[in-house]
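Structural characterization, general
This is what each chain is made of:
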Amino acid sequence: MHTLFLAPTGFGGGLNSISLGLIRSLQAAGLKVGFFKPIAQPFPVDQGRERSCILVENTLSLKSPEPLALEQVERQLANGELDLMLEEVVSRFQQVALDKDVVIVEGMVPTTTSDYTSQINTHLAKSLDAEVILIAAQGKDSLKRMAERIEIQAQQFGGAKDPKVLGVILNKVKSDDGVPAFIERLKEHLPLLGSADFQLLGAIPFEEELNALRTRDIGELLGAQVLHAGEADQRRVKKIVLCARAVPNTVPLLQPGVLVVTPGDRDDIILAASLASLNGVKLAGLLLCSDFAPDPRILELCKAALDGGLPVMTVTTGSYDTATSLFALNKETPADDVERATRVTDYIAGHLHPEFLHTRCSVPRTELRLSPAAFRYQLVKRAQDANKRIVLPEGNEPRTIRAAAICQERGIARCVLLAKQAEVEAIAREQGIKLPAGLEILDPDAIANRYVEPMCEMRKAKGLTPDQAREQLQDTVVLGTMMLALDEVDGLVSGAVHTTANTIRPALQLIKTAPGYSLVSSVFFMLLPDQVLVYGDCAVNPNPNATELAEIALQSAESAAALGVPQRVAMISYSTGSSGSGAEVEKVAEATRIAQERAPQLAIDGPLQYDAASVLSVGRQKAPNSKVAGQATVFIFPDLNTGNTTYKAVQRNANCLSVGPMLQGLAKPVNDLSRGALVEDIVFTIALTALQAASQKA
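Scoring rules and cut-offs
Residues numbered from 1 in each chain as written. Predicted model: local features only at pLDDT ≥ 70, side-chain atom pairs only at ≥ 80, totals over all residues. Heavy atoms only, no water. Core = buried A, V, L, I, M, F, W, Y, C linked by side-chain atoms within 4.5 Å. Buried < 20%, exposed > 50% of the residue type's maximum accessible area, 1.4 Å probe, protein only. Contact = heavy atoms within 4.5 Å. Axes fitted to C-alpha atoms, helices over the stretch in contact; angles between N-to-C directions. Helix = DSSP H or I, 4+ residues; strand = E, 2+ residues; numbered from the N terminus. Parallel < 35°, antiparallel > 145°, perpendicular 65-115°, else oblique. Nonpolar A, V, L, I, M, F, W, Y, C, P; charged D, E, K, R; others polar. Polar contact = N/O pair within 3.5 Å; in protein donor to acceptor, adjacent residues only side chain to side chain. Pairing = 2+ DSSP bridges. Phe/Tyr/Trp six-rings, centres within 6.5 Å; stacked < 30°, edge-to-face > 60°. Lys NZ or Arg CZ within 6 Å of the ring centre and 35° of its normal.

1. Considerations on the nonpolar core
By size, the foremost hydrophobic cluster in this structure holds 117 residues, and its most contacted members are Leu170 and Phe525. Each residue touching leucine 170, except ones within four places of it in the same chain, is listed here: Ala136, Met146, Ile150, Phe182, Ile183, Leu186, Leu200, Gly202, Ala203 and Ile204. Ile18, Leu60, Ile133 and Ile135 belong to the second-largest nonpolar core, a separate cluster that totals 32 residues.

Printed below as a string of structure tokens:
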């Protein structure tokens, strides 16, 4: 499935009109097309649903999800909740993307009151893993300035040569010597235009008639009083004439489509306009200004013209102010003007150059890049579908209580807090946390005894006595692990106040490792600005040998697949291939060999330096025959020192969210938290645990 993001380069580009024409063109090629407007941008006169969505639905019969309200988006941006906003966008996008070949996404249009639209468009395109088409209109700019605007906007998405920046559609082209000559002049300032790197996807000549509002629209926009509606719904305003001259000099101006603006006491102009209408001239209408009511006797004389459909409206403003208001009107297509929208759709579709897009969109994309917002959305959605019961041994810890409440409320997991009811309720009151219905709170002292006998049975080889078991079960992590061992819960999350060792030790004693594995390791999911990477092991094994490193690689590849991240595994070292030597390089090479033997179908390569694994140009140079170099998604570090340092450096300096550590290799899901974990981190770790449980059951 392809996603085409339409990004305007400035004001007045006719973004929605381009959406309509592009959808029509792609549909004509037999493609199943969807439309999505992520964020509403209503005009002051708009009421109800977003105008773009209504026009697409009424013109092309395509329904789309409701956009996010602009007020909500601005509030979330002010509160630093960009990630939450993008997750909601991805959620709504998924509703329209189902079973489609291509989805047209309409970006935000810059306005005089918002300076953030370009930045938001960049985040939207990355979150939806979209290919970008710029929409440009010259307006009042010089060609040089227009070219600069196109280049600046392209830079927001990686530059004109970026593979995801497909090209530009030029709209409202005004040129006395024709569109081809206009394009050639623009190329003098924008040499890439029309090249393989930056396609010219269409050039639409300006057509004044397609810009014509209905007479009724003019009246509504001005707040005019309608004296006689006539054919105000059908007639269109092609030209506005302010009549202050004598009648003989006015007559030549009375042409079809003209809106005659005159003071209400100019009986001569009113009569002249009526006579023109009776002679078959379909004027757009009469707009009487200056707060002068027309003489009823004059209107009676004009009755035949009015009966013939001549609209008459009046406003209270004077001639100058009325003219100023008229020429400042927004001429965007009104939501209910299906006739105009249909004509615009067909006109633009006829001037696009669709061959490139038809070919590109007819071939499914081999791999969709999983953006952070898409990762978080999928994580939460799949956890909701899994409906797993997760125990939280640190049940009286405030962050854990808040996270449990969120997960219960959103259906991410059925959470079980191990703590005393009164203590949890007191903390909730103090922290302002609303405890949702269904959130389980189990008193550890009330349930511990039931696990003494099963625990002794599990550890009889170690000679565990009932008294020793009771003592160990005072630790809620041990108690929660026993619940997991007996399948009373599906997973465990701990570590907000306990060390990693305190979380893992009971799991190794009672849960054991999964079949085929001999150690427990960890991964972090690194949510970079435009993709998700997997880092392992960054939290558990200090200095694994080659066999253990191979096992970490295989575990990490499985974890990546379970969370929707492609499996391309890079075994990281300070040397690429055979360019360096030393015991550490040899360990990585041997681990790569072992992993390849155990999983011959897995795309894995090493040793690779980090830049050779992550940067395509470097990978092609240093490892030209590698299927992983330059496009790795799973990074396996040779030791804990390297892994932990790298993940923290990337997390802090790239300002990215890291989800984890997620433990892997255990027979049942147990996950450790950082003691500095935020509520959001705990929520995502609970969701990860639920998914692990679902994956292991499957």
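2. Focus on the packing of helix α17 (residues 398-410) against helix α18 (residues 421-431)
Direction vectors running N to C along α17 and α18 enclose 85°, while the axes themselves pass 10 Å from each other. When the axes of α17 and α18 are compared, the pair comes out roughly perpendicular. For the pair formed by α17 and α18, the contact residues are Pro398, Ile401 and Arg402 on the first element and Val424, Ile427 and Gln431 on the second. For the contact of α17 with α18, a count of residues per class yields four nonpolar, one polar and one charged.

3. Structural notes on the side chain of arginine 236
The residue arginine 236 is located in strand β9 (residues 236-237) in this model. Under the relative-accessibility criterion, arginine 236 is labelled buried at 10%. Excluding residues within four positions of it along the chain, arginine 236 makes contact with Ala212, Leu213, Arg214, Thr215, Gly257, Ala284, Asp337, Glu339, Arg340 and Arg343.

4. Some remarks on the environment of asparagine 543
Within the secondary structure, asparagine 543 is located in the loop between β19 (532-536) and α24 (546-562). Counting along the chain gives 313 residues from asparagine 543 to glycine 230, while the straight-line C-alpha distance between them is 86 Å. Filtering out sequence-adjacent residues up to four positions away, asparagine 543 remains in contact with Glu548, Lys587, Pro638 and Asp639. Here lysine 587 takes part through its side chain, which lies 3.2 Å from a polar atom of the side chain of asparagine 543.

5. Digging into unusual backbone geometry
In the segment running from glycine 536 into aspartate 537, the intervening peptide bond is cis, with an omega of -15°. Topologically, aspartate 537 is positioned in the loop between β19 and α24. Positive phi, normally seen in glycine, also occurs at aspartate 129, with a value near 50°. In this structure, aspartate 129 sits in the loop between α5 (117-127) and β4 (131-137). The buried category is assigned to aspartate 129, whose relative accessible area is 5%. In this structure, aspartate 487 is a non-glycine residue whose phi angle is positive, near 65°. With respect to the helices and strands, aspartate 487 occurs in the loop between α22 (476-485) and β17 (491-494).

6. Remarks on the sheet that holds strand β5 (residues 165-173)
Ordered in space as β2-β3-β1-β4-β5-β6, the six strands form an open sheet in which the pairing is parallel. Sheet topology places β2 (33-36) and β6 (199-205) at the edges, where each strand pairs with a single neighbour. Each adjacent strand pair in this sheet contributes to an overall mean axis angle of 20°, direction not counted. With five bridges joining them, β5 and β6 adopt parallel strand pairing. Note that in β6 the partner of leucine 170 across the bridge is alanine 203. Packing of helix α7 (residues 179-187) onto the sheet brings it into contact with β5 and β6, and relative to β5 it is tilted by some 130°.

7. Re the sheet that holds strand β16 (residues 440-442)
Ordered in space as β16-β15-β14-β17-β24, the five strands form an open sheet in which the pairing is parallel. This sheet does not close on itself; its edge strands, each paired only once, are β16 and β24 (670-672). Taking the axes of each pair of neighbouring strands and ignoring which way they run, one obtains an average angle of 25° across the sheet. Contacting β14 (389-392), β15 (414-418), β16, β17 and β24, α22 crosses the sheet at an angle of about 165° to β17. Against the sheet, helix α29 (residues 679-697) contacts β14, β15, β17 and β24, and its axis sits at roughly 155° relative to β17.

8. Looking at the packing of aromatic side chains
Taken as a whole and judged by the stated rule, the model has eight aromatic pairs. Where phenylalanine 5 meets phenylalanine 157, the ring centres are 6.3 Å apart and the plane angle is 50°; that geometry is what we call tilted. A residue pair is termed long-range when its members are at least 10 positions apart, and phenylalanine 5 in strand β1 (residues 2-8) and phenylalanine 157 in the loop between α6 (143-156) and β5 qualify at 152 residues. Residue class for phenylalanine 5 comes out buried when judged on its relative accessible area of 0%. Ring geometry for tyrosine 535 and phenylalanine 635: centres 5.7 Å apart, planes at 65°, overall edge-to-face. Linking tyrosine 535 in strand β19 with phenylalanine 635 in strand β22 (residues 634-636), this pair joins segments that are 100 residues apart in sequence. The residues tyrosine 535 and phenylalanine 635 share a single accessibility class, namely buried. Just above the ring of phenylalanine 206 sits the side chain of lysine 174; from NZ or CZ to the centre is 4.4 Å.

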